[in-house]
Structures are given as C-alpha cells and as structure tokens.
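One letter stands for each residue in the lines below.
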Amino acid sequence: MEQINISAVQRTEKGKCSAGRLRRAGKIPAVLYGPSIIEKGKGAITLTFNCKEVEKALHGAAGGNVLVNLSVAGEAKPRMCMFKAVTRHPLKATIEHIDLLEILMTHTIAVDVPVHIVGKAAGVALGGIMQLESRKVKIECLPTQIPSSLDVDVTALNIGQSLHVRDITLAPGLKVVGDTAATIVSIVAPAAEEAPKTAEEAQAELAKSFEETEKEGKEGEAKEGKEAKAAGKEAKAGKEEKPVKAEKTEKSKK
Amino acid sequence: MLIPKKVKFRKQQRGKRRGLATRGAALSFGNYGLQATECGWLSTREIEAARVAMTRFIKRGGKIWVRVFPDKPVTKKPAETRMGSGKGSPEDWVAVIKPARILYEMEGVTEDVAKEAFRLAKHKISIPTKFIKRDTV
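Residues numbered from 1 in each chain as written. Chains lettered and ligands numbered in written order. Predicted model: local features only at pLDDT ≥ 70, side-chain atom pairs only at ≥ 80, totals over all residues. Heavy atoms only, no water.

This paragraph deals with helix H3 (residues 51–58) of chain A. Residue and element names in this part refer to chain A. Residues of H3 that are buried: Val54, Ala57 and Leu58. Down the axis of H3, the sector holding all buried residues measures 95°, keeping them to one side. What points out from H3, more than 90 degrees from its buried face, is the exposed set Lys52 and Lys56. Where H3 is buried, its residues contact strand S1 (3–10), strand S2 (27–33), strand S3 (45–50), strand S5 (79–88) and strand S6 (95–102). One side-chain oxygen of the residue at the start of H3 lies 3.2 Å from the amide nitrogen of Lys52, identifying that residue as Asn50. (Buried < 20%, exposed > 50% of the residue type's maximum accessible area, 1.4 Å probe, protein only. Helix = DSSP H or I, 4+ residues; strand = E, 2+ residues; numbered from the N terminus. Arc of directions from axis to C-beta. Contact = heavy atoms within 4.5 Å. Polar contact = N/O pair within 3.5 Å; in protein donor to acceptor, adjacent residues only side chain to side chain.)

The following block contains the structure:
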C-alpha cells in the first residue's frame, strides 16, 4: 500500500469568501474527520493544504487509495488518513476541496478499488466491443491490505459473454462489499451502422414533429375550451338559482 | 435526428444561460469526452452531424454516447414579415448547453483515435469544446 507524507495547517476562517481567498493564494481548503475526532466531541477539523503538494501526491496515486501520513502544524503526532473525496472544478479540473478520513490501522475499511483489465478478449478479436460496466469494486479490508488495482483477465470472453464481481479472485483478507452479481466487463456485438439521412429526409422529419406538436396543441386548446364552456354554464346556472333562493327567503320573512 | 416524442407546450421563452453546468459535467460512461467550454444552443442537426462524423471515423471500433438531448423548441418568423402579430412558428429543436457540459463520450478506441474523432466532431458544432479523458482521481 502506497504511503505519502503531506503537511497541513489548521484554518480558523470558514465560508466561501475565505475559501476563495485560499484558492487564489494557491492553497486548498480541506476537512478531516474520523472516529477519534468525533470521540473528542468535534465534528471535523478544518485544514489548508498546499495545492502543488497535493497535486503531486495525487498524481499516479492508484485511484486515490493512498495512505496519507498527515502532519498538522502544532500537533506532535502525525495522523494516518485517506482521501475520502476530492472535489475538482468542472471546467478547469483544479482541486477545490478535499475530504480526509482518519483511519485506524487495526480496523477494516471499505474502499473503492479500480479494476485493471488484463489481456485481449477473444470476442474483441472477432469484432466485438468490450464494454466496461463498472470501473471500481468496493472492497472491505485492513488499510495496509488495500490493493492498488484488481486484475481481471478477459482473454476467455467471447461476444455475448460477461464477467461479474463474483468471478474476481481476491487475496486472503479482502471481502467484496455489495452486489456480487454486478457486471464488470461485457463483450457486445458491434451495432449496425445506420445509413445517414439526407438533408431532405431530415427536414421532413423536423416538419412532421412540428405538425404533430401543433395538432396536439390545438386538440389541447379545444379540450380546454370545451371544459371552460361547461364550467361557465354551470357557474351561470348557479348564479340564476341564487336570486330565486334569496327571493324565497325575503317572502318568508314578510 | 433527436426530436422529443411529445411536448406539453409548443413554444418556449428563450431563457438565460448563467453559470456552469453542474449536471452532466463529468464523464459517466466512456474514457474520453468532448466538453463544452462556453454556453450556447446546440441544434438537433449539429448533434447529428457531429455524431455521424465521429461514427464514420471510428467505423465499428468503439462506442459513442450522446449526452445531450434537444428538448427546447425554437420559433422563427417567416422571411419578409412585418413585426407583431404574435410569436413565430416552431422551426428547430435545440439543447441548452452551459460551460463544462459533456456533449459526447467514447470508449473502445485508443486516445489518438478518440482525439481525431472529436476533432472532426467539434468542427460540426457551433460551441467551443475541448477534449477530456478520465483521470484516476
């Protein structure tokens, strides 16, 4: 299991304004939580990382499954933790926030381990397409036993065949969490290529769609109109009845 | 071409395209993708033209996912018509695209093939795009 050393500084400021200031200064806001922190009565510890240091540590990390030896400024002992979530900017792909989970080396944890495809499937050689259904498998093990990847041999797979989670041979001490019947890889037959439509056909298709929507719209309006008319008639009838009742009550008073 | 089967209202207002796309902004199916870097409207013809360009290039090698659907009707007034007398008739279907939206995804091909296929596709699209690939973290 890969292990990296990262240093962090505790931060006192909270909120998006201070987080933005940190990001502009080349730092990343982060939080650290775990069982030992909760025991002390704290929800989470807020931290600040150096962006370059974290990017370097994450580069080449096997699916983010690395043990982090975290030394927080002002604390005597380093903490052992793992990356729980790394939030990136959707367009720039820069790291915006990190969630760290403190772990106990004697307790098992559930982690997502990436799947590594080994060999070339027999079905692919025949023209099939290999479809990766799930890229990660959730595994429960001790922090020191987390594998960097799970090797899946696909050489025997033909077109129409698939490989499931239960087919993976795991090392002793590892246990699959969740559905063992989930598909990992399947070899599918290539889809027949559609003949491209001409511009005239496409135009006709568009025109047809608008005709249909127009027809539906008119039908809907007509329906609404009928309903409204019926409602109006009922309302009128109600109004006509009311004065009669009023007259009756007046007469009875006299 | 991608067209809605049924719509509740025939005409829509144009709307605004503020901010970044938060949904559909990450690769979900394939290893490679084409991501929009600016906002705009993508017509059903553009979506289809780009898809055909990619499919022809990769032939029968890989798989393509179209991550956008044109569900917004766009109206136009006929040429040489005076202004007024109501909104025009629906002429096209478009997909509203915000920056960071993934338009297409691809799998089952090498990175070079995917790059070239997306290069051909982005010439059919009116929105600036960029090539992205799946990272480990």
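The next thing to look at is unusual backbone geometry. All names here are of chain B. Non-glycine residue Ser85 carries a positive phi angle of around 55°. Following the sequence through the fold, Ser85 ends up in the loop between strand S4 (72–76) and strand S5 (89–97). The phi dihedral of Ala100 falls on the positive side, at around 85°, and the residue is not glycine. Here Ala100 shows up in the loop between S5 and strand S6 (102–107).

All names here are of chain A. Under the counting rule described, the total for this entry stands at ten salt bridges over all chains. For Glu102, the salt bridge goes to Arg79, with nearest N and O atoms at 3.3 Å. Taken as a pair, Glu102 in strand S6 and Arg79 in strand S5 lie far apart in primary sequence, 23 residues in all. Accessibility expressed as a relative area gives 12% for Glu102, which makes it buried. Note on Arg79: relative accessible area 12%, which makes it buried. It is possible to trace a salt-bridge network through shared partners that takes in Glu75, Arg79 and Glu102. (Salt bridge = Lys/Arg side-chain N within 4 Å of Asp/Glu carboxyl O.)

Residues and elements named next belong to chain A. Judged by pairing direction, the barrel is mixed, and its six strands sit side by side in the order S1-S3-S2-S6-S5-S4 before closing back on the first. Direction aside, neighbouring strands of the sheet carry axes that sit 45° apart on average. Sheet topology places S2 next to S3; six bridges connect them, and they run antiparallel. Bridge pairing links Ile28 to Phe49 in S3. Lying over the sheet, H3 contacts S1, S2, S3, S5 and S6, oriented at roughly 85° with respect to S3. (Pairing = 2+ DSSP bridges. Axes fitted to C-alpha atoms, helices over the stretch in contact; angles between N-to-C directions.)

Residue and element names in this part refer to chain B. Per-residue confidence for chain B gives a mean pLDDT of 92, with 99% of residues at or over 70. Here strand S3 (residues 63–66) is the element of chain B with the lowest mean pLDDT, 92, and strand S2 (residues 40–43) is the one with the highest, 96. Scoring of the predicted complex yields 0.78 for pTM and 0.81 for ipTM. (pLDDT = per-residue confidence, 0-100.)

This brings us to the nonpolar core. Buried together is how nonpolar side chains tend to be arranged in soluble globular proteins. All names here are of chain A. The biggest cluster of nonpolar side chains holds 25 residues, and the ones touching the most others in it are Met82, Val137, Ile139, Ile146, Val154, Leu157 and Ile184. Broken down by secondary-structure element, the contributors of at least two residues to this core are S5, strand S7 (109–118), strand S9 (136–141), strand S10 (150–153) and strand S13 (183–188). It is S7 that contributes the most residues to this core, four residues altogether. Dropping the residues within four chain positions of it, Ile184 is found in contact with Val115, Gln131, Leu132, Glu133, Ser134, Val137, Leu163, His164, Val165 and Ile168. (Core = buried A, V, L, I, M, F, W, Y, C linked by side-chain atoms within 4.5 Å.)

On to empty space enclosed by the protein. Picture a little ball the size of a water molecule; that probe, rolled over the atoms, points out where space is still empty. All names here are of chain B. A full pass over the atoms with the stated rule returns one cavity of 30 Å³ or more. Its volume calculated, the largest cavity comes out at about 60 Å³. Around the largest cavity, the lining residues are Gln12, Gln13, Arg14, Trp41, Lys72, Pro73, Val74, Thr75 and Lys87. Broken down by element, the residue count for the lining of the largest cavity peaks at four residues, all from S4. Taken together, the residues that form the lining of the largest cavity break down as three nonpolar, three polar and three charged. (1 Å grid on protein atoms, 1.4 Å probe; cavity = no way out; pocket = protein on both sides within 12 Å on 5 of 7 lines; lining within 4 Å. Points joined across faces, edges and corners; volume = space filled by probe spheres on them. Nonpolar A, V, L, I, M, F, W, Y, C, P; charged D, E, K, R; others polar.)

Residue and element names in this part refer to chain A. The strand order across the open sheet formed by three strands is S8-S13-S11, and the pairing between neighbours is antiparallel. The sheet is open, and its two borders are formed by strand S8 (129–132) and strand S11 (162–164), each paired with just one other strand. Across the sheet, the mean angle from the axis of one strand to that of its neighbour is 10°, orientation sign disregarded. Two strands pair when backbone bridges link them, and S8 and S13 are joined in this way by four bridges, in the antiparallel orientation. Among the inter-strand pairings, Leu132 is bridged to a residue of S13, identified as Val185.

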